[in-house]
Amino acid sequence: MSEPSELLTSVLTCMDHRLAPLAILQLEPEQAHVIRNAGGYVTEDAIRSICLSQQLAGTNRIVVLHHTDCRASQESAEGYRALVKANTGVSPTWNVVPVGDPLQRVQIAIEQLKASPLVDTTHMEGFVYDVDDGTLTPVG
Ligand SMILES: [Zn+2]
């Protein structure tokens, strides 16, 4: 299969301040839409954003970029709910299940995106960024 002449990228990544996704992926701002949330998980809103990025702006490549030492992935879903409830009095209803291993997190995200009929996953890659040494590991 031949590559399209111009790949415009949707990047799904974590909100962590230690990640500068465009610099890490060597992209210019006009080459990418960056969708960020706590943990870089595939949520309904992440799918909505990638879908509209593809439909409205013609992005045709997806990069899932996760990282080591992710604070949004170190606790169980129940643990995060308990923390939020203790501090706000409200138990959140989100259904994200945190996964500690970043390689596994990327693989799960890729499978979840492939399962969505709303996004074109023909050109999709996954990476783990090491926040300690700056290395970028592709996830096959
Ligand atoms: Zn993170």
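Structural data are supplied above this passage.
Residues numbered from 1 in each chain as written. Predicted model: local features only at pLDDT ≥ 70, side-chain atom pairs only at ≥ 80, totals over all residues. Heavy atoms only, no water.

Caption draft 1: Geometry of the coordination of the zinc ion. Those protein atoms acting as donors to the zinc ion are C14 (SG), H67 (NE2) and C70 (SG), and they sit at 2.0 to 2.2 Å. Counting the intervening residues between successive donors of the zinc ion yields the motif C-x52-H-x2-C. In this pair, C14 is assigned in strand β1 (residues 9–14) and H67 in strand β3 (residues 61–67), connecting sequence segments 53 residues apart. Since its relative accessible area comes to 0%, H67 is described here as buried. (Donors = N, O, S within 2.8 Å, 3.2 Å for Na, K, Ca; no water. Helix = DSSP H or I, 4+ residues; strand = E, 2+ residues; numbered from the N terminus. Buried < 20%, exposed > 50% of the residue type's maximum accessible area, 1.4 Å probe, protein only.)

Caption draft 2: Summary view of the sheet that holds β1. Pairing is mixed across the open sheet formed by five strands, whose spatial order is β2-β1-β3-β4-β5. Each end of this open sheet is capped by a strand with a single partner; those strands are β2 (32–37) and β5 (136–139). Averaged over all neighbouring strand pairs, the angle between strand axes comes to 25°, with direction disregarded. Together, β1, β2 and β3 form the strand contacts of helix α2 (residues 44–57), whose direction differs from that of β2 by roughly 170°. (Pairing = 2+ DSSP bridges. Axes fitted to C-alpha atoms, helices over the stretch in contact; angles between N-to-C directions. Contact = heavy atoms within 4.5 Å.)

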